[in-house]
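# Per-entry structural report
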Amino acid sequence: MRTVDAAGLPIGDDHPPRIMGVLNVSKESPYDPSVYDDPGDAAAYVDEVLIGEGADIVDVGLESANKRFEVLSAEEELERLDTAIETIESVSGDAVFSIETRYHEVADAALSRGFDMVNDICGFADPEMPGVCEAHDAAVAKMASPPDLERPGAVEEVDDIYEALSLNGFTDKTIVDPAFGGWSEEKTLADDRETFRRLREFRGYGRPILVSINRKNFLRSVAGRDTDGALPVSLAATSMAVERGAHIVRTHDVAETRDAALIGKEFARDRVGARGEVSVEELDVATTGDARRHVDRLGGDPAVAADAVARVYEFDGLDSEELGALRAATADAPAVLVADERGSTALLVGTVAGTATAADAASGSTAALDAALSSVEHPTE
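From a predicted model like this one, the values you see are computed outputs, not experimental measurements. (Residues numbered from 1 in each chain as written. Predicted model: local features only at pLDDT ≥ 70, side-chain atom pairs only at ≥ 80, totals over all residues. Heavy atoms only, no water.)

## Overview of the overall build of the chain
Looking only at helices and strands, the chain has 13 helices and 15 strands in total. The buried share of the chain, taken over its 381 residues, is 52%. Taking all contacts inside the chain whose residues are at least 6 apart in sequence as the whole, residues at least 24 apart take part in 64%. Surface accessibility of the chain: about 16,900 Å² in total, with carbon and sulfur atoms responsible for 48%. (Helix = DSSP H or I, 4+ residues; strand = E, 2+ residues; numbered from the N terminus. Buried < 20%, exposed > 50% of the residue type's maximum accessible area, 1.4 Å probe, protein only. Contact = heavy atoms within 4.5 Å. Areas by Shrake-Rupley, 256 points an atom, 1.4 Å probe, with all protein chains shown as cover.)

## Structural notes on the nonpolar core
Of all hydrophobic cores here, the largest spans 67 residues; its most connected members are Val58, Phe115, Val211 and Ile213. Leaving out residues up to four positions away in the same chain, Val211 has contacts with Phe180, Leu199, Ala241, Ala246, Ile248, Val249 and Arg250. Membership of the second largest hydrophobic core comes to 18 residues, among which are Ala329, Ala346, Ala359 and Leu369. (Core = buried A, V, L, I, M, F, W, Y, C linked by side-chain atoms within 4.5 Å.)

## Comments concerning the domain arrangement of the chain
You can read the domains of the chain as domain 1 (4-268), domain 2 (276-308) and domain 3 (309-377). Taken residue by residue, the interface counts 13 residues in domain 1 and eight residues in domain 2. Summing both partners gives a buried area of about 850 Å² for domain 1 against domain 2, and 42% of it is carried by carbon and sulfur. Put simply, domain 1 and domain 2 have three salt bridges between them. A salt bridge links Arg293 to Glu201; its shortest N-O distance comes to 3.1 Å. Here domain 1 and domain 2 share five residue pairs in polar contact (both at pLDDT 80 or more) between them. Looking at side-chain class alone, the side of domain 1 that touches domain 2 contains two nonpolar, three polar and eight charged residues. (Domains from an automatic or database assignment. Buried area = accessible area lost by both parts, 1.4 Å probe. Salt bridge = Lys/Arg side-chain N within 4 Å of Asp/Glu carboxyl O. Polar contact = N/O pair within 3.5 Å; in protein donor to acceptor, adjacent residues only side chain to side chain. Nonpolar A, V, L, I, M, F, W, Y, C, P; charged D, E, K, R; others polar.)

## Description of the pattern of salt bridges
For the structure shown, the criterion picks out 21 salt bridges. Notably, a salt bridge pairs Asp284 with Arg200, separated by 2.8 Å at the nearest N-O pair. You can see Asp284 sitting in the loop between strand S12 (278-279) and helix H10 (288-297) and its partner Arg200 sitting in the loop between helix H6 (189-197) and strand S9 (210-211), a full 84 residues away along the chain. Its relative accessible area of 17% is what places Arg200 among the buried residues. Among the charged side chains, a network of salt bridges with common partners joins Asp159, Glu194, Arg197, Arg198, Glu201 and Arg293.

## Some thoughts on the packing of aromatic side chains
To describe a pair of aromatic rings, you give the distance between the ring centres and the angle between the ring planes. A complete count under the given rule lists six aromatic pairs for this structure. For the ring pair Phe196 and Phe218, a centre distance of 6.2 Å and an interplane angle of 50° mean the geometry is tilted. Within this pair, whereas Phe196 is found in helix H6, its partner Phe218 is found in helix H7 (residues 217-223), the two being separated by 22 residues in sequence. In this pair, the class of Phe196 matches that of Phe218, namely buried. (Phe/Tyr/Trp six-rings, centres within 6.5 Å; stacked < 30°, edge-to-face > 60°.)

## Some details on the environment of Ala361
Tracing the sequence through the fold places Ala361 in helix H12 (residues 352-362). Remark: the alpha-carbon pair of Ala361 and Ala333, spanning 28 residues in sequence, is separated by 8.4 Å.

## A few points about the environment of Val22
Within the secondary structure, Val22 is located in strand S3 (residues 18-24). Between the alpha carbons of Val22 and Val106 there is a distance of 18 Å; along the sequence they are 84 residues apart.

## Quick notes on a negative patch on the surface
A grouping of Glu75, Glu76, Glu79, Glu105, Asp108 and Glu128 is seen on the molecular surface, where their side chains present a negatively charged patch. Contributing elements (two or more residues each) for the negative patch: helix H2 (74-90) and helix H3 (104-112). Looking at which element gives the most residues to the negative patch, the answer is H2, with three residues. By secondary structure assignment, the location of Glu105 is in helix H3. (Patch = residues over 30% accessible without salt bridge, like charges linked within 9 Å, V, L, I, M, F, W, Y side chains within 5 Å. Lys, Arg positive; Asp, Glu negative; His and termini not counted. Charge placed at Lys NZ, Arg CZ, Asp CG, Glu CD.)

## Focus: H10
Across the ten residues of H10, seven count as buried, placing the element largely inside the fold. Here the buried face of H10 lies against helix H5 (158-164) and H12. Put simply, Thr287 is the residue that caps the front of H10, since its side-chain oxygen is 3.3 Å from the backbone nitrogen of Gly289.

## Focus: the packing of helix H11 (residues 320-332) against H12
At a closest axis distance of 8 Å, the pairing of H11 and H12 adopts a crossing angle of 130°. Of the possible angle classes, the one that applies to H11 and H12 is oblique. Between H11 and H12 lies a crossing of right-handed hand. For the pair formed by H11 and H12, the contact residues are Ala325, Leu326, Ala329 and Thr330 on the first element and Ala358, Ala361 and Ala362 on the second. (Axes fitted to C-alpha atoms, helices over the stretch in contact; angles between N-to-C directions. Parallel < 35°, antiparallel > 145°, perpendicular 65-115°, else oblique. Left-handed = near helix turned anticlockwise from the far one by under 90°.)

## Re the sheet that holds strand S5 (residues 96-101)
What links the strands of a sheet is backbone hydrogen bonding, and the strands pair in either a parallel or an antiparallel sense. Spatially, S8-S7-S6-S5-S4-S3-S10-S9 is the arrangement adopted by the eight strands of the open sheet, whose pairing is parallel. Single-partner strands in this sheet number two, and they are strand S8 (174-177) and S9. Taken together, the four bridges between strand S6 (residues 117-120) and strand S7 (residues 139-143) define a ladder with parallel strand orientation. By the bridge assignment for S7, Asp120 is matched with Lys142. (Pairing = 2+ DSSP bridges.)

## Thoughts on the sheet that holds strand S15 (residues 346-351)
Here we have three strands laid out as an open sheet, ordered S13-S15-S14, and antiparallel in their pairing. The two strands at the open ends of the sheet, each matched to only one other strand, are strand S13 (310-315) and strand S14 (335-339). Each neighbouring strand pair of the sheet contributes to a mean axis angle of 15°, computed without reference to strand direction. Packed on one face of the sheet, H11 meets S13, S14 and S15 and runs near 150° to S14.

In structure tokens form, the structure reads like this:
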């Protein structure tokens, strides 16, 4: 996992989770506490509420990305840029300032006038965006999006999100964002939940991950909360996201999100880092999908992912025939069976490929065992 330097702020596994606070200079933006059109008031909000509560990065939005509103042109965004520039020039605290835009012209102007990084919500749909960011040596968060400047984040299938993040490549300082939220009518809450469950897969790029999950509907709906009551579910998800490998959390609730992120970081598994001239890292791989993404990155055969992930299954209530079927299955499969003295409880241990092979070999003994074996993961799942 590479570390990205964002104007002197290191972002990666070996560093604390970074908190990205939000400022909007767009009247359309839906979350009122973060919306300002007066540079003085906006700067005070940044100093007192965002930086004051622990934001490492301040993300400034020029327009709402809500699908209900018309998309601004680059020229219209540029007309709003002066307010954003006046704001950051009036801020007394220290933070990395990010401009949220989809246009390379706006990114270029913002980076030339004091901004430090870019949050591209259309994921390089503007093919000139990577070159602009590289010319300014700027970090850039790249959100998964169709190749369309008017449809940010409107990718439904998780596998398509992974492909969308590859659009027009990466810079050396690219941070990936799998895009949570209702960016299109077709994208469902179930799509967002599946993306969150598979968050570790996006570490397969070997790049830092940004998540924007604060008070999002896919979390609110789990607990039946409206936006005002959704802070607890956001904090729970923040800890989980950081534990699963996220490096930046974008939020309107800075102090609380910072604390939740630190808890997630504290209890995440340590990974081995550089040792001398040769570095080694235990990758965060929990599923064959996670492994497949890393293998893809290096151009290898994705089939090897089935041998990269271990599983342990416990079977209880076995009779002698079922235990015998499992013993016979593991005799020739790359898996191990460990049974208790009574033989009614047993552990099936091995890689995904090995346990799947054993499960297939043991099937047909009894209907009860067949039903239990249906829970064993297969490489194609």
